[in-house]
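# Summary of the model geometry
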Amino acid sequence: MRVAATTPAAGKAAGGPQGVWRRRFGDALTGLAIWLPLAASAGHVVVFTAWTTWVSFTASSIMPDYAWVGLRNYVSVTRTANFQIAYVNLVIFGCGLVLLTMALGLLLAVLLDQRVRGENVLRTIFLYPLAVSFVVTGTVWSWLLNPDLGIQRVVQNLGWTDFRFDWLVQSDKAIYCVIIAGVWQGAGFAMALFLAGLRSVDADLVKAAQIDGAGPWRIYRRVVLPTIWPIFITVFVILLRSAITSFDLVRALTQGGPGISTNLPTLVVYDFMFQRAELGRGSAAAVLMLLSLVVVMVPYGLYVRWQRQKQARS
Amino acid sequence: MKWTRIIVYALLIVLAILFLVPLGVVIANSLRSNQEIASSSLIAWPDHLTFANFGQAWNKFCMAEHCWGIQPYMVNSLTLTIPATILSTLLGALAGYSISLWRFRGDQFVFGIVTLGIFLPEQMKLIPWVVVLRDLSLMNTIAGLVLIHTVQGLSFTTLFCRNYYIGIPQDLLKAARIDGAGFFRIFWRIILPVSPPILIVCVIFQFTGIWNEFLFGVTFTSGEQQPVTAALIALSAAITSEPLYGDQSAAVLIAALPTLLVYLFGGRYFLRGLTAGAVK
C-alpha cells in the first residue's frame, strides 16, 4: 500500500545523475511490488506444505524436533480410536452433507425458476445463512436441537408428550445433527449455482421440446439436466471439500461429542497439535487430511481441464 | 391459478420459513429474559419484551475472568478484519495486475501455485505459522492475525483480480508504455479506475471470510486478544453451568450483524465472490 502511494513521485523521472538514481529506485520498487505479494502467497503455499509434511516424519512433540522417524507418526495416528471415528464420521457427514445440500439446493433452484413472484426476497432468505459464521450456525442449531429446550421440548409442550428428537445427545446420531446444520448453511449456495445454470439453458431448446409435446419433468430430464451437468460436479466437489475441512461447525455444535462421537479429521489435527502437544502426529493427521482432499481435487482438476479442451476444440 | 403453481408457492413459503427459523429464534430470545427462556423453551414468542440482554451482552456479562461483555472482542474483530481486508485486496489487485498484464517469465506457474492456496487446508499451515509468528514476536497479537489473513487472502484476491484484468486489452498497456508510463503509473491511472467492481467483490469476500474465521483466531490468540468468533465459543463453554440464553442470543446477534449487513447491502457482489471463488 505504501508502495503504491509513492508512485507518482517515482514515475516522474528527471534528467541528470539524480534521474538515473530515481529510475533505479523506481525499477527496484516495481520489482518489489511485483514479487512481494506473489512471493509471499506462492511461497507460503509451497514452504508451509513442505514444512508440515516434513514435521510429520519427525519426532516433534511440543516443539518441532527434526529427528527423522519415518512413518511412525502415521502408523500411530491411524491406530487411534480418535482418528478412526473421525474418518467414519467424515464418510457419513460427507455423503449426507453433499447429497442433501445438492437435493435441497436443486429443489430450491427449480422452484425459483418457475417465474415466481418475490424471487429476490426468497433468494435473499435462502442465501443469508452463508453470510453468518459456522460458529453462529453451530451455536444456534445446538439450541434448536437441544432436547430440553429446543424442538423436542416445543413439540412435547404442544401435547405429543412421547415425541423424541434427541439426536444431539445420542452418540450414534449426533453426526446427523451436524449434517442438518451444514445443509441449512450450504443449500443456498447450491441453489445459487444451480439457478445460474438453469437460467443459462437455451430457451429455444426448451420451446422445441414443448412443441414436441414433452412434459415439464421430461424437459428437465432431457434438456435442462444435461446442460447443467457440469455445475453438479462443481457443487459436488466444493461441498465435499467443505466437509473435509469442516471444523468450526462441529466445535460450536457438539464439541466433537457426546464423547468423541462426532469427531472429524480437522478436530483430530487440532487435538494432536494443540491439546496433546504432539506436533509430529498432528502434522501426520494434517497430511492425511490433505491427501483425502487431493483424492477429490485432482480428478476434478483433470475433469475441468478436459472440459476446457473439449470446448476449445468445438 | 393451476394446482402446480399453488404447490410451488406453498413449498417455497414453507422452506423460506424453515430457513428463517434460526434467525427468528435468535432475535426472539434476545428479547426474552433468561428466566422466561429457562421456564419454557428456546423456541417461543417473547411474553415480555426486554432489551436488557443487549446491554448485558455488549459490555457486562462475565467470561474468562472478565466482566466486559463481547465489546472488546468485537473491537478485536474490527481491528483485525479491516486492515487485513484492505491489505489483501490492494496487494491482490497488484498481484493480479502483474500476472495478467505485466507478464514475466513463469507468471502462469506462479499463478497456479497462488491459486493452489485456495485448496490447501488451514491445518497444513498451523505449525509453520506458529513458528513464524513466534519469530516475529507476533504470537497472541491482532497484528499476527492481520498478517496471516493478508497472506492467506491473497490467493483469493489475486485470482479474482487476475480473472478480471485479463479482459483489459494488452494494446492499451503497450500504448501507455510507449508513452513512458511505468508499472505504477499504469496501475494508478488505467487499472485502478476500472477496478471498482472487482475490488468491491474482493472487499466483501474478504470481510465476511475474515470476520467469520475461527480456527486461526482460536489457535494464535487467547484471552483478551481473541476475535469475536472465538469469544462466542468461549462464552458457550463459560455458561454451560448457568445457561444465560437471553444474553447469549444477544451476543450471537451482535456478532453476526456486521456480515449480515454486508450481505443485505452488497448481496450481488457477495454472491459473485462466492461463485468466482468456487467455479474458478
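Sequence positions are assigned chain by chain, starting from 1 and proceeding in written order. Here every chain gets a letter starting at A, and every ligand a number starting at 1, in the order they are written. It should be noted that, the model being predicted, local features are given only for residues of pLDDT at least 70 and side-chain atom pairs only at 80 or more, the latter also being counted only at that level, while totals for whole chains, interfaces and linings use all residues.

Further remarks concern the overall build of chain A. When helices and strands are tallied, chain A shows 14 helices and zero strands. Counted from the first residue to the last, chain A has its helices and strands arranged as α-α-α-α-α-α-α-α-α-α-α-α-α-α. The quantity called the radius of gyration is restricted to C-alpha atoms. Its globule counterpart is 2.2 Å times the number of residues to the power 0.38. In terms of overall size, chain A is more extended than a compact globule, its C-alpha atoms giving a radius of gyration of 26 Å where 314 residues would be expected to give roughly 20 Å. Projected onto its principal axes, the C-alpha positions of chain A cover 90 × 60 × 40 Å. Around each residue's C-beta, the other C-beta atoms within 10 Å are counted; 20 or more make the residue buried, 12 or fewer make it exposed, and counts in between make it partly exposed. All C-beta atoms are placed from the backbone. Per-residue burial over chain A gives 42% buried out of 314 residues. Two residues qualify as a contact pair if the distance between their C-beta atoms, derived from the backbone, is within 7 Å. Put simply, of all contacts in chain A between residues at least 6 apart along the chain, 67% involve residues at least 24 apart. Numbering goes from the N terminus for both helices and strands, where a helix is a DSSP run of H or I of at least four residues and a strand is a run of E of at least two.

Secondary structure assignment for chain B yields 14 helices and zero strands. Each helix (α) and strand (β) of chain B, taken in turn from the N terminus, gives the series α-α-α-α-α-α-α-α-α-α-α-α-α-α. Principal axes of the C-alpha set define a box for chain B whose edges measure 75 × 65 × 30 Å. The burial tally for chain B puts 49% of its 280 residues in the buried class. Taking contacts inside chain B between residues at least 6 apart in sequence as the whole, the part at least 24 apart equals 77%.

Here we come to the interface of chain A and chain B. Interface size is commonly expressed as the accessible surface area that is lost when the partners come together. Counting residues at the interface gives 74 residues for chain A, matched by 70 residues for chain B. Classification convention: Asp, Glu, Lys, Arg as charged; Ala, Val, Leu, Ile, Met, Phe, Trp, Tyr, Cys, Pro as nonpolar; all other residues, Gly among them, as polar. Along the lines of polarity and charge, the residues of the side of chain A that touches chain B split into 52 nonpolar, 19 polar and three charged.

This brings us to the domain arrangement of chain A. All names here are of chain A. Delimitation of the domains relies on an automatic or database domain assignment. Once the domains are mapped, chain A shows domain 1 (2-56) and domain 2 (77-313). The interface of domain 1 with domain 2 comprises four residues on the first partner and six residues on the second. Taken together, the residues that form the side of domain 1 that touches domain 2 break down as one nonpolar, three polar and no charged.

A separate point is unusual backbone geometry. Most peptide bonds are trans, and most residues other than glycine sit at a negative phi. All names here are of chain A. Residues other than glycine seldom take positive phi values, yet Arg115 does so here, at roughly 50°. If you check the backbone angles, Gln255 has positive phi at about 55° while not being a glycine. Relative to the helices and strands, Gln255 is located in the loop between α12 (248-253) and α13 (265-275).

This part covers the domain arrangement of chain B. All names here are of chain B. Per the domain assignment, the segments making up chain B are domain 1 (3-52) and domain 2 (71-279). On a C-alpha basis, the centroid separation for the pair domain 1 and domain 2 is 33 Å. Sorting the residues of the side of domain 1 that touches domain 2 by element identifies α1 (3-30) and α2 (34-39) as the ones contributing at least two each. Among the elements that make up the side of domain 1 that touches domain 2, the one with the highest residue count is α1 (four residues). Split by residue class, the side of domain 1 that touches domain 2 holds five nonpolar, four polar and one charged.

What follows is about the packing of helix α7 (residues 134-144) of chain A against helix α13 (residues 245-265) of chain B. Lines fitted to the C-alpha atoms define the axes, with helices restricted to the stretch that makes contact. Angles between their N-to-C directions range from 0 to 180 degrees. Interhelical geometry of α7 of chain A versus α13 of chain B gives an angle of 150° and a closest axis separation of 11 Å. Classified by the angle between their axes, α7 of chain A and α13 of chain B sit roughly antiparallel to one another. Both α7 of chain A and α13 of chain B take part in a crossing whose hand is left-handed. Along the contact surface, α7 of chain A presents Val136, Thr139, Val140 and Trp143 of chain A, while α13 of chain B presents Tyr245, Val252, Ala255 and Ala256 of chain B. Each angle gets one of four labels, with under 35 degrees taken as roughly parallel, over 145 as roughly antiparallel, 65 to 115 as roughly perpendicular, and the rest as oblique. Note on convention: the crossing is left-handed when the near helix lies turned anticlockwise from the far helix by less than a right angle, right-handed when the turn is clockwise.

With that settled, consider the confidence of the model for chain A. All names here are of chain A. The quantity called pLDDT is the predictor's confidence in a given residue, expressed from 0 to 100. On average, residues of chain A score 87 in pLDDT, and 95% of them reach the 70 mark or higher. Averaged pLDDT values for the elements of chain A fall to 40 in helix α1 (residues 2-5) and rise to 95 in helix α5 (residues 81-112). The model gives residues 1-14 a pLDDT under 50, and that stretch makes 25 contacts with residues more than four places away or in other chains.

This brings us to α13 of chain B. The span you would expect from a helix comes to 1.5 Å times its residue count less one. In a regular helix each residue adds 1.5 Å, so 21 residues correspond to 30 Å; α13 of chain B covers 29 Å between its end C-alpha atoms and thus fits that length. At Leu257 of chain B, α13 of chain B shows its maximal bend, which comes to roughly 45°, and the proline Pro258 of chain B appears one to four places after that position. We define the bend at each residue as the angle formed by axes fitted to the 7 residues ending at it and the 7 residues starting at it.

Quick look at the packing of helix α7 (residues 142-165) of chain B against helix α10 (residues 196-212) of chain B now. Residue and element names in this part refer to chain B. With their axes 10 Å apart at the nearest point, α7 and α10 run at an angle of 155° to one another. As the angle between them shows, α7 and α10 are arranged roughly antiparallel. Between α7 and α10 the crossing geometry is right-handed. Of the residues in α10, those touching α7 at His149, Gly153, Phe156, Thr157, Phe160, Cys161 and Tyr164 are Ile198, Val201, Cys202, Phe205, Gln206 and Ile210. Class assignment for the residues of the contact of α7 with α10 results in nine nonpolar, four polar and no charged.

Before going further, it helps to spend a moment on the environment of Phe160 of chain B. With respect to the helices, strands and loops of the structure, Phe160 of chain B is situated in helix α7. Counting along the chain gives 106 residues from Phe160 of chain B to Gly266 of chain B, while the straight-line C-alpha distance between them is 17 Å.

Moving on, we come to the environment of Gly24 of chain B. Residues and elements named next belong to chain B. As for its position among the elements, Gly24 is in helix α1. Looking at Gly24, the number of C-beta atoms within 10 Å reads 13, which means it is partly exposed. Gly24 sits 235 residues away from Thr259 along the chain, and the two C-alpha atoms are 17 Å apart.

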